[in-house]
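Given next are the chains, with one letter for each unit.
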Amino acid sequence: MNKFTKEDFNNFQKFYRANFINSLSGFKSANLIGTISKEGKTNLSLFSSAFHLGADPALIGLIQRPTSVRRDTFENLCQTNYLTINHINKDIINKSHLTSARFDQDECEFEKCNLTKEFKDDFIAPFVKESRLQIACSLNEIIDIKANNTKMLILNIESVYLNNDIILENGTIDIEKIESVAISSLDSYHSTTLEKRLKYAKENY
């Protein structure tokens, strides 16, 4: 097995290093984040940094990249306090990936990427109609991460939209049934296969 050190990382070409380091954490969630500005302009962006924070209260987290450049998702969230998290499924991988392109501020990612904007139950931020698991969130807290000038967004889960038939008897959501995909590195999308489901772990299991 080869060894790679910080010195090696520093000698990597920029995009090679980004792909290498980004791959180390393994598979990540693949989501489209929907927001809207106070002027009513919608935005859609791809995030692979959503993570579970807690069930009671129901919280989910996102990592926001440095805001030294324009970040419409973050700016809209700060203006309205609301966003949506929409699972990417295998049928919309190409369209979803395109949302990470650098569109002008006055261009709509929904339209440019041929995805359908959907508003539900007076929630201000837009959902992605093609997504099979949609989460409405409100902003709870923003934590600055000094190590690399990123931000941790702590979000309250306000409501969830999904079909009942993908919820297992114990409450687990069968995300494979709705063909949600995972991301590795910056450009690789994966389908998953359940190997086994185990009982709650105890000593002498």
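Each remark here, short or long, concerns the structure printed above.
Residues numbered from 1 in each chain as written. Predicted model: local features only at pLDDT ≥ 70, side-chain atom pairs only at ≥ 80, totals over all residues. Heavy atoms only, no water.

This next bit is on the environment of D8. Tracing the sequence through the fold places D8 in helix α1 (residues 6-11). Linking D8 and Y189, residues 181 residues apart in sequence, is a C-alpha distance of 27 Å. A polar contact is formed between the side chain of D8 and the backbone nitrogen of T5, at a distance of 2.8 Å. (Helix = DSSP H or I, 4+ residues; strand = E, 2+ residues; numbered from the N terminus. Polar contact = N/O pair within 3.5 Å; in protein donor to acceptor, adjacent residues only side chain to side chain.)

The next point concerns the packing of aromatic side chains. Note on aromatic pairs: each is described by the distance of the centres and the angle between the planes. With the rule as written, the count across this model stands at 9 aromatic pairs. Centroid distance F12 to Y16: 4.8 Å. Interplanar angle 70 degrees. Geometry classified as edge-to-face. Here the aromatic residues F4, F9, F12, Y16 and F20 are joined through ring pairs into a cluster of three or more. Its guanidinium or amino end placed over the ring of Y161, K120 lies 4.2 Å from that ring's centre, counting from NZ or CZ. (Phe/Tyr/Trp six-rings, centres within 6.5 Å; stacked < 30°, edge-to-face > 60°. Lys NZ or Arg CZ within 6 Å of the ring centre and 35° of its normal.)

Spatially, the 3 strands line up as an open sheet ordered β1-β11-β12, and their pairing is antiparallel. The open sheet has two edge strands with one neighbour each: β1 (28-29) and β12 (188-190). Note that strand β11 (residues 182-184) and β12 share 3 bridges and pair antiparallel. Looking across to β12, one finds that S184 is bridged to S188. (Pairing = 2+ DSSP bridges.)

Right, let's talk about the layout of surface pockets for a bit. Of the pockets and cavities examined, the largest pocket occupies roughly 1800 Å³. If you go around the largest pocket, you meet 40 residues; those closest to its centre are L46, R65, R71, S100 and L186. Among the elements of the structure, α2 (14-23), β3 (42-47), β5 (58-64) and α3 (72-80) are those that each provide at least two residues to the lining of the largest pocket. Each residue belonging to the lining of the largest pocket can be placed in one class, and the counts come to 17 nonpolar, 14 polar and 9 charged. The computed volume of the second largest pocket comes to approximately 570 Å³. Where the lining of the second largest pocket is concerned, the elements lending two or more residues are β1, β4 (51-55), β5, β6 (82-87) and β10 (150-161). If you tally residues by element for the lining of the second largest pocket, the top one is β4, at 4 residues. The class makeup of the residues in the lining of the second largest pocket is 17 nonpolar, 7 polar and 1 charged. (1 Å grid on protein atoms, 1.4 Å probe; cavity = no way out; pocket = protein on both sides within 12 Å on 5 of 7 lines; lining within 4 Å. Points joined across faces, edges and corners; volume = space filled by probe spheres on them. Nonpolar A, V, L, I, M, F, W, Y, C, P; charged D, E, K, R; others polar.)

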